[in-house]
Amino acid sequence: MARIVMKFGGTSMAGIERIRNVARRIKHEVDAGHQVAVVVSAMSGETDRLVNFCREASPLYDPREYDVVVASGEQVTSGLLAIALQAIGVPARSWLGWQLPIHTSDAHASARIGEIETAWLKDGEVAVIPGFQGLTEDNRISTLGRGGSDTSAVAVAAAIKADRCDIYTDVDGVYTTDPRIVPRARKLKKVTYEEMLELASVGAKVLQTRSVGLAMKEGVRVQVLSSFDEPGPNETPGTMIVGEEEIDDVERQHITGIAHDKNEAKVTLIAVPDRPGAVATIFSPLADASINVDMIVQNVAHDTGSTDVTFTVPMAELTRAIDVLERQRETIGFTKLVHDTAVTKISVVGVGMRSHAGVAAMMFKSLADRGINILAITTSEIKVSVLIHEDYTELAVRVLHTAYGLDAEDAA
């Protein structure tokens, strides 16, 4: 018998028939003798609807009351799923985040999970838990930020020492790249925590970044699989996110996957004085405003004693970033600010890069051979990312997927 946490996203919970389908899938695991706890999201589109209500009520809403409103979506689905399970003979009970409780920080709308009490875990009864929510020290409802149900599920799995945490989505696993762009993309059997963390942070939408980081920290084995496939004899039909020690060298390639992210904006400051501390005057105000900066390129200094500095920020933060920089124009000393939103970040990720040279060189040459210009570069131990014009996004992904030998041999 295994102890499993099953998490179902908004698409899986979008309506009574889909909730009944989820209940049947849970029954399949219960009938197999497993002890099951379930974490659910709100119905697809429900959280957006509730967020819009808050904005209509007041653009400057109290984040404590915002959490009360948006947490209600998961309350509905947890209760409905418990009812659906009881209707097919599965003992079940719903538990809200404050009833367990799931203790969190008091950063409303972006709370962090602290401790989860486990007295609610009972043999023979399925606990249905709303994701995305918890309880602050002063007994206020809190929420974890968008996509937080993944983090809730991993945290519950860590708390009850589950054998694995199954994340059910509308895809059947993690692929070498987006199958909509590359039909020959392959589903991966296993991916390391580090690789999934990098893939999630550079554009892969399969798992929330925070959930992967928590899984790595707590050693929770996570499986990504589809809620729309019928249960079969294979216990782990999706993609397992595991520690590096679980992946054989025979299974490992230099590159595990390729991700792309169109939610980047490029900012260039023209003629920044070339002096010690100049870069700090740019990025310190951005950091103080909690604006994340990714790629940074500083050009060779001009003869005039100035240089150009280029960097990227999330598209959603561009307006705020421009405002912060313009208010600091005199301190920084730049003469002009230029921004560009027609860019895409392309990333290749793989733990095999640690022991194999030439991965970056192959990326640069493959793109150059197809006339794709690189605007910026950033690297980590297991990742190389480049910024290109958005018009070349799909071509770049296809070219690199083939260049690194990731195409499936038996794909149509």
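In this text the structure is predicted, and so the values were computed from the model without any measurement.

> If you had to explain the overall build of the chain to someone new, which residues and values would you point to?
The secondary structure content of the chain amounts to 12 helices and 20 strands. Relative to a compact globule of 412 residues, whose C-alpha radius of gyration would be 22 Å, the chain shows 23 Å and is just as compact. Reported as C-alpha extents along the three principal axes, the dimensions of the chain are approximately 80 × 55 × 35 Å. Here the chain, with 412 residues, has 49% of them falling under the buried criterion. Pairs at least 24 apart in sequence give 75% of the contacts found in the chain among residues at least 6 apart. Split by element, the accessible area of the chain, about 19,000 Å² in all, is 50% carbon and sulfur.

> Explain the sheet that holds strand E18 (residues 343-349) to me, using residue names and the numbers behind them.
Strands sit in the order E13-E18-E20-E19 across an open sheet of 4 strands; the sheet is antiparallel. The outermost strands of the open sheet, each flanked by one partner alone, are strand E13 (257-261) and strand E19 (376-380). Neighbour-to-neighbour, the strand axes of the sheet open up by a mean angle of 20°, direction not taken into account. The pairing of E19 with strand E20 (residues 383-389) spans 5 bridges and is classified as antiparallel. Across the sheet, Thr-378 pairs through a bridge with Ser-385, a residue of E20.

> Lay out the packing of helix H1 (residues 16-31) against helix H4 (residues 72-87) in plain terms, naming residues and giving numbers.
As a packed pair, H1 and H4 sit with axes 9 Å apart at the nearest point and diverge in direction by 60°. Taken together, the axis directions place H1 and H4 in an arrangement best described as oblique. Handedness of the H1/H4 crossing: right-handed. Facing Ile-16, Ile-19, Val-22, Ala-23 and Ile-26 of H1, the residues of H4 in contact are Leu-80, Leu-81, Ala-84 and Leu-85. Here the contact of H1 with H4 is composed, by residue class, of 9 nonpolar, no polar and no charged.

> How would you sum up helix H2 (residues 46-57)? Please name residues and give values.
Compared with the 16 Å implied by 1.5 Å per residue over 12 residues, the 17 Å span of H2 between its first and last C-alpha is a close match. By the burial criterion, the buried members of H2 are Thr-47, Leu-50, Val-51 and Cys-54. Within H2, the buried residues cover an arc of 100° as seen down the axis, which keeps them to one side. Here the buried face of H2 lies against helix H3 (63-70) and H4.

> Account for the pattern of salt bridges, naming residues and giving values.
Evaluation of the coordinates by the stated rule reveals 22 salt bridges. Between Arg-164 and Asp-166 there is a salt bridge, and its shortest N-O distance comes to 2.8 Å. Side by side, Arg-164 and Asp-166 carry an identical accessibility label, which is buried. Where Lys-345 meets Glu-264, a salt bridge forms, and the shortest distance between an N and an O atom there is 3.6 Å. On the criterion of sequence distance, the pair formed by Lys-345 in strand E18 and Glu-264 in strand E14 (residues 264-273) is long-range, its members being 81 residues apart. Pair check on accessibility: Lys-345 and Glu-264 agree, each one buried. One network of salt bridges, with partners in common, ties together Glu-194, Glu-244, Arg-354 and Glu-381.

> Summarise the packing of helix H11 (residues 359-369) against helix H12 (residues 393-403); cite the residues concerned and give the values.
Across the interface, H11 lies against H12 with an axial gap of 10 Å and an inter-helix angle of 130°. Overall, the two elements H11 and H12 adopt an arrangement that is oblique. For the crossing formed where H11 meets H12, the hand is right-handed. The residues of H12 that touch H11, namely those facing Met-362, Met-363, Ser-366 and Leu-367, are Ala-396, Val-399, Leu-400 and Ala-403. Considered class by class, the residues forming the contact of H11 with H12 number 7 nonpolar, 1 polar and no charged.

> Give me the lowdown on helix H8 (residues 278-288), citing residues and values where you can.
Buried residues of H8: Ala-278, Ile-282, Phe-283, Pro-285 and Leu-286, and no others. Projected down its long axis, H8 carries its buried residues within an arc of 155°, all on one side. H8 presents Ala-287 and Asp-288 as exposed residues on the side facing more than 90 degrees away from its buried surface. Lining the buried residues of H8 we find E14, strand E15 (296-298), strand E16 (306-314), helix H9 (318-327) and helix H10 (329-332). Two residues or fewer after H8 comes Ser-290, characterised by a positive phi angle close to 60°.

> Now, about the environment of Val-156: what can you tell me, with residues and values included?
Along the chain, Val-156 falls in helix H5 (residues 148-159). Its relative accessible area of 0% is what places Val-156 among the buried residues. Along the primary structure Val-156 and Val-5 are separated by 151 residues, whereas in three dimensions their C-alpha atoms are 7.5 Å apart.

> Quick rundown of the packing of aromatic side chains? Include the residues and the values.
Tallying each qualifying case throughout the model produces 3 aromatic pairs. Centroid distance Phe-8 to Tyr-168: 4.5 Å. Interplanar angle 15°. Geometry classified as stacked. Of the two residues, Phe-8 is situated in strand E1 (residues 3-8) and Tyr-168 in strand E9 (residues 164-169); the sequence distance between them amounts to 160 residues. Residues Phe-8 and Tyr-168 agree in their burial class; the two are buried. With a centroid separation of 5.1 Å and 75° between ring planes, the pair formed by Phe-283 and Phe-311 is classed as edge-to-face. Here Phe-283 is found in helix H8, whereas its partner Phe-311 is found in strand E16, with 28 residues between them in sequence. Residue Phe-283 shares its accessibility class with Phe-311, and that shared class is buried.

> How would you explain the pairing of E20 if you had to name every residue and give the values?
Side chains on a regular strand alternate between the two faces of the sheet. Most of E20 sits inside the fold, with 6 of its 7 residues counted as buried. Strand direction decides the pairing type here: E18 and E20, joined by 7 bridges, are antiparallel. Among the inter-strand pairings, Ser-347 is bridged to a residue of E20, identified as Ser-385. Hairpin connection, E19 to E20: the antiparallel pair is bridged by 2 residues.

Basis of the calculations
Residues numbered from 1 in each chain as written. Predicted model: local features only at pLDDT ≥ 70, side-chain atom pairs only at ≥ 80, totals over all residues. Heavy atoms only, no water. Helix = DSSP H or I, 4+ residues; strand = E, 2+ residues; numbered from the N terminus. Rg over C-alpha atoms; globule rule 2.2 N^0.38 Å. Buried < 20%, exposed > 50% of the residue type's maximum accessible area, 1.4 Å probe, protein only. Contact = heavy atoms within 4.5 Å. Areas by Shrake-Rupley, 256 points an atom, 1.4 Å probe, with all protein chains shown as cover. Pairing = 2+ DSSP bridges. Axes fitted to C-alpha atoms, helices over the stretch in contact; angles between N-to-C directions. Parallel < 35°, antiparallel > 145°, perpendicular 65-115°, else oblique. Left-handed = near helix turned anticlockwise from the far one by under 90°. Nonpolar A, V, L, I, M, F, W, Y, C, P; charged D, E, K, R; others polar. Expected span 1.5 Å × (residues − 1). Arc of directions from axis to C-beta. Salt bridge = Lys/Arg side-chain N within 4 Å of Asp/Glu carboxyl O. Phe/Tyr/Trp six-rings, centres within 6.5 Å; stacked < 30°, edge-to-face > 60°.

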